[in-house]
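Read off the chains here:
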Amino acid sequence: MLKGNVFALNLNLTGIDQSMVRKTLEPIAGIVAAEQTPPASLIAYSDDPVTAIGASFVTFAAPDFQSTVWGYPSFWMVMSISPNLKIGANFSAYKWLGDNIQTFGPFISTSWGDNKKSTNAGFHVLRLKGPDDFHINNIGIELSRNIRYPNWNIGFGYSAHFMQCVIHVTDHTSPAQNYNTTKSIDINLLRFSAYRIFQNNIQIGSEISLSRHLLSVQFLILKYF
């Protein structure tokens, strides 16, 4: 049952025992993984050359299905090298959970099929930094299926994230609690998307990411040129 505890998470690890760091960071890492996964429609097959941008302005997440939190805005840009090969990047700079964060990293995707139905595979290397106590390196792979109707774009798929959290906690009031360590966290997400198509070059919709420990709902707008 959701408690409605908005902003329950915290990016400050001061006072967190080293043995509890992984458990503390797993909900945060899950939200980051969902935010950094490219929208399915952006990497779908396209006959014509594509340059596009995307923005996720609002994200609602329920880590461990026991609390609720708002995610951070995330942005993408992508261009096609060929009908079935695209490159792009994700970036964000925002104050989230009381701390400043910056995320950036490239991705590449390939697809096979046609404009109406395509299977897509992607790979990305992304980083989140900014918090005083840690940063996250995220290597991700995505596999998705995209189906385009006259007015709708529907997708479903899976993404796997192999995340390395580099932790450097400094507690000036209790030096004995200072430590440096690295924790590996793997996140697996089932993803579902639905976009309404407007004038053939604007899509507005949402992406749902689901794992054993997370429900994330993003609301996005995509613009094609």
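Please refer to the structure higher up on the page.
Here's a quick rundown of the structure. (Residues numbered from 1 in each chain as written. Predicted model: local features only at pLDDT ≥ 70, side-chain atom pairs only at ≥ 80, totals over all residues. Heavy atoms only, no water.)

## Describing helix H1 (residues 21-36)
- Over its 16 residues, H1 extends 22 Å from the first C-alpha to the last, a length consistent with the 22 Å expected when each residue adds 1.5 Å.
- Of all the bends in H1, the largest measures some 30° and sits at Pro27.
- Here H1 lies mainly inside the structure; 12 of its 16 residues are buried.
- Regarding H1, the residues found buried are Val21, Leu25, Pro27, Ile28, Ala29, Gly30, Ile31, Val32, Ala33, Ala34, Glu35 and Gln36. (Helix = DSSP H or I, 4+ residues; strand = E, 2+ residues; numbered from the N terminus. Expected span 1.5 Å × (residues − 1). Bend = angle between axes of the 7 residues up to and from the residue. Buried < 20%, exposed > 50% of the residue type's maximum accessible area, 1.4 Å probe, protein only.)

## Structural notes on the environment of Lys23
- Secondary-structure assignment places Lys23 in helix H1.
- Classification of Lys23 as exposed rests on a relative accessible area of 59%.
- Considered as a pair, Lys23 and Met79 are 56 residues apart in the sequence and their alpha carbons are 38 Å apart.

## Here we look at a nonpolar patch on the surface
- A surface patch of nonpolar side chains, amounting to about 760 Å² of accessible area, comprises Met79, Ile81, Ile87, Ile108, Phe123, Val125, Ile139, Ile141 and Phe162.
- Among the secondary structure elements, Ile81 is positioned in strand S3 (residues 74-82). (Patch = residues over 30% accessible without salt bridge, like charges linked within 9 Å, V, L, I, M, F, W, Y side chains within 5 Å. Areas by Shrake-Rupley, 256 points an atom, 1.4 Å probe, with all protein chains shown as cover. Salt bridge = Lys/Arg side-chain N within 4 Å of Asp/Glu carboxyl O.)

Read these as layout, nothing more, since geometry by itself doesn't imply function.
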